[in-house]
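In case you want the letters, here they are:
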Amino acid sequence: MTVRKFQPPNRLAKMIKERGGILAKDAIAAAEAGVESLRESSLANLDATIAEMERRFGKGAEGRDAESFEALYILSSRIIDVSIFVSDVGIDRAAVSLCGLVDGFAEGGAWRWDAVDVHLNALRLLRSIGAQLPAEQREAMLAGLHQVSRHRPDEG
């Protein structure tokens, strides 16, 4: 019995040896340019979403008691989706906190409008001057929002 060894061709190795394609630095630059092209529309969507939240769920909004928990949750999720260009100011984290808050409301079946108002105020503040706030102040604000979102009405 004779043992025969064979080595099948390695397509990946062959492709690596061939000339062509683009350099990693060029691929990264193209990807960054692609993401950057979304900046303007993302920020416009962020502003429009905050405005819609204020209009439907803000302190002076008529009929906010009739709004659904799901509607505010969806709007909060939309902020998370488009906040990549302002992630350094914590808007995404404030929206995550608001999602948690609304989830708790849905479980309990009741709104706590003071908590919603605090979150909406924080979103507006972070969007308008969040980049100028010292990091410690932003972190303290986000920690406070997290605490508010964890409080349940039945806890007193």
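Quick caveat, the model's predicted, so the values are computed rather than measured.

1. Thoughts on helix H4 (residues 69–82)
Since there are 3.6 residues in each turn of an α-helix, residues three or four apart along the chain are aligned in direction. Across its 14 residues, H4 extends 21 Å between first and last C-alpha, which sits within 8% of the 20 Å expected from 1.5 Å per residue. Considered for burial, the residues of H4 that qualify are Ala 71, Leu 72, Leu 75, Ser 76, Ile 79 and Val 82. Here the buried residues of H4 occupy an arc of 135 degrees about the axis, which is enough to place them on one side. Facing away from the buried side of H4 by over 90 degrees, the exposed positions are Glu 70 and Asp 81. The secondary structure elements touched by the buried residues of H4 are helix H3 (39–57), helix H5 (91–108) and helix H6 (113–129).

2. Points about the packing of H3 against H6
Closest axis-to-axis distance for the H3/H6 pair is 11 Å, and the angle between their directions is 155 degrees. Accordingly, the angle class assigned to the pair H3 and H6 is roughly antiparallel. In terms of crossing hand, the pair formed by H3 and H6 is left-handed. Contacts between H3 and H6 involve Leu 43, Leu 46, Asp 47, Ile 50, Met 53, Glu 54 and Phe 57 from the former and Trp 113, Val 116, Asp 117, Leu 120, Leu 123, Arg 124 and Arg 127 from the latter. The class makeup of the residues in the contact of H3 with H6 is nine nonpolar, no polar and five charged.

3. Regarding the environment of Gly 144
As for its position among the elements, Gly 144 is in helix H7 (residues 135–150). We classify Gly 144 as partly exposed; its relative accessible area is 30%. For the pair Gly 144 and Ile 16, spaced 128 residues apart in sequence, the C-alpha separation works out to 52 Å.

4. Observations regarding the pattern of salt bridges
Applying the stated rule across the entire model yields nine salt bridges. Between Arg 56 and Glu 52 there is a salt bridge, with the nearest N and O atoms lying 2.9 Å from each other. Note that Arg 56 and Glu 52 are positioned in helix H3 at a spacing of four residues, about one turn of the helix. Here Arg 93 and Glu 139 are joined by a salt bridge, their closest N and O atoms 2.9 Å apart. In this pair, Arg 93 sits in helix H5 while Glu 139 sits in helix H7, placing the two residues 46 residues apart along the sequence. For Arg 93, a relative accessible area of 43% puts it in the partly exposed group. Glu 139 sits in the partly exposed class, given a relative accessible area of 39%. Within this structure, Glu 52, Arg 56, Glu 67 and Arg 78 form a network of salt bridges that share partners.

Rules used in this analysis
- Residues numbered from 1 in each chain as written.
- Predicted model: local features only at pLDDT ≥ 70, side-chain atom pairs only at ≥ 80, totals over all residues.
- Heavy atoms only, no water.
- Helix = DSSP H or I, 4+ residues; strand = E, 2+ residues; numbered from the N terminus.
- Expected span 1.5 Å × (residues − 1).
- Buried < 20%, exposed > 50% of the residue type's maximum accessible area, 1.4 Å probe, protein only.
- Arc of directions from axis to C-beta.
- Contact = heavy atoms within 4.5 Å.
- Axes fitted to C-alpha atoms, helices over the stretch in contact; angles between N-to-C directions.
- Parallel < 35°, antiparallel > 145°, perpendicular 65-115°, else oblique.
- Left-handed = near helix turned anticlockwise from the far one by under 90°.
- Nonpolar A, V, L, I, M, F, W, Y, C, P; charged D, E, K, R; others polar.
- Salt bridge = Lys/Arg side-chain N within 4 Å of Asp/Glu carboxyl O.

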